[in-house]
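A closer look at the structure
So the chains spell out like this:
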Amino acid sequence: MSSPSSTPPDRATLPAASPAGGSPRGARPSDPRPSGGSPRGARPSSPRPSGANLSALRDHNAAAVLTLVRAAAAAGGEVGISRVELARASGLTAQAISKIVQRLLDNGLLAEAGRGPSTGGKPRTLLTLVPDARWAVGVQLGRDALTVLRADLTGRAVADRRVPIDLAGWGPGRVLDLLAGEVSWLLGEVARERVLGVGIASPGPLDQRTGVLHQVTGAPSWDGLSLRDEAARRLGLPTLIEKDSTAGVLSALGSPNRAFVHLDRGLGAGLVLGGAVQRGARTNAGEFGHQTLDPDGPRCGCGNTGCVEALWAAASGPREAAVVLGEAIANLVRLLDLDEIVLGGREVLAAPETYLAEIRKVLTERLPDPTWQPVTVCVAPSGPNAVALGAAGLVLARLFG
């Protein structure tokens, strides 16, 4: 059954994000807007997707409440958050919070988790998220490997599986049939109405709005494929599509001005600027590997010469490859004024210390005032699952807004 995707929020909503963007509808007029605001809900497309029934869950205010509960858990401290605290943080009336919370309790998304300490009156009843109430599936469709994982409502991967593929040689039919089989295996006996959907991260170029691939380097059989529709038809679940590098930048919290640089049989970058994911005019931003560093350099698979990806692939070893990457990252940092670079992909994970050391060295040499322009360079904390986890985060954003 084919299922169109809803467009993920523009804000950088992450698997454990704090609320962001305006105050909920129904807020008390006399109340100030909460600091940072509450998240916007994703607008569902029509017709309504199959799979989990989200009609009672995706409303704007319910999403704001769920996000506040999840943020409270991520911050540590008490085991939950009270209704009074939810009303204060959201700007909603106590009556509105009571109705929303009861609905979320009835749907099994929240649970009462005991009582907080008394502040002079009746002890507060604390609320907590039920992590396994719903599930999100994240998929990384790589050139030679397929990664599938299942994440709970906190954004934690509870099961994953990785199998070899040949994206170019096998073609779409065989690869997508395998993808559907792996998702089915991973979900096992999980009731499908508890599955929010499947997020698929793919190499680009990709039109994320239509789910159509365009001239994937080295894989001509995928050109013009409606990946979202073909995958959704096999899965029978709501399906979202994203570029692999953009999914990677959504896999963890970080600076509001950062890039996720992905090295995995190709080279791309996911971008967050001012706290917002950058997809560009055609939702294909981040073709980082195809900026020209040396016009007289080796020919790239994209048809141009001297691309970062071609120079990196021609390097004699990890150190030289890291220097090439560092030069390209320095250009990106100076162009966009980034203060955090997150590295991901198997090539980095095979020699993380070499890549970190050489890139930091190049940045120190290339930035005019590195003391004034400090840049954090790190490896993605979720390691080989970063891209798939980010894809699952796209699905969770439909619930949390």
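What you see is a predicted model; the values in this text were computed from it and never measured.

Before going further, it helps to examine the packing of aromatic side chains. In the structure shown here, the tally under the stated rule is zero aromatic pairs. Lying over the aromatic face of W185, R161 brings its terminal NZ or CZ to 4.2 Å of the ring centre. A cation over an aromatic ring shows up here: R174 above the ring of W170, its NZ or CZ 3.8 Å from the ring centre.

Where helix α1 (residues 60-75) meets helix α2 (residues 83-90), the closest approach of the two axes is 10 Å, and the angle between their N-to-C directions is 115°. By the angle class used here, α1 and α2 are roughly perpendicular. Here α1 runs over α2; the crossing is right-handed. Counted together, V65, L68 and V69 of α1 and L86, A89 and S90 of α2 form the full contact between these two elements. Class assignment for the residues of the contact of α1 with α2 results in five nonpolar, one polar and no charged.

Along the chain, G181 falls in helix α4 (residues 167-187). In this structure, the C-alpha to C-alpha distance between G181 and L235, residues 54 residues apart in sequence, is 8.6 Å.

Moving on, we come to the sheet that holds strand β1 (residues 81-82). Ordered by their spatial adjacency, three strands build an open sheet running β1-β3-β2, and the pairing between neighbours is antiparallel. Of all strands in the sheet, those with a lone pairing partner are β1 and β2 (110-115), marking the two edges. Looking at chain direction, β1 and strand β3 (residues 125-129) are connected through two bridges and run antiparallel. Directly across from I81, in β3, lies its bridge partner L127. This element, helix α3 (residues 94-106), spans β2 and β3 of the sheet and lies at about 110° to β2.

Further remarks concern the pairing of strand β7 (residues 195-202). A large share of β7 lies buried, amounting to eight of its eight residues. Sheet topology note: the strand β4 (residues 135-141)/β7 ladder contains six bridges and is parallel. Across the sheet, the residue bridging to Q140 is A201, located in β7. With five bridges connecting them, β7 and strand β10 (residues 239-243) associate as parallel partners. Across the sheet, the residue bridging to I200 is I241, located in β10.

Rules and cut-offs
- Residues numbered from 1 in each chain as written.
- Predicted model: local features only at pLDDT ≥ 70, side-chain atom pairs only at ≥ 80, totals over all residues.
- Heavy atoms only, no water.
- Phe/Tyr/Trp six-rings, centres within 6.5 Å; stacked < 30°, edge-to-face > 60°.
- Lys NZ or Arg CZ within 6 Å of the ring centre and 35° of its normal.
- Axes fitted to C-alpha atoms, helices over the stretch in contact; angles between N-to-C directions.
- Helix = DSSP H or I, 4+ residues; strand = E, 2+ residues; numbered from the N terminus.
- Parallel < 35°, antiparallel > 145°, perpendicular 65-115°, else oblique.
- Left-handed = near helix turned anticlockwise from the far one by under 90°.
- Contact = heavy atoms within 4.5 Å.
- Nonpolar A, V, L, I, M, F, W, Y, C, P; charged D, E, K, R; others polar.
- Pairing = 2+ DSSP bridges.
- Buried < 20%, exposed > 50% of the residue type's maximum accessible area, 1.4 Å probe, protein only.

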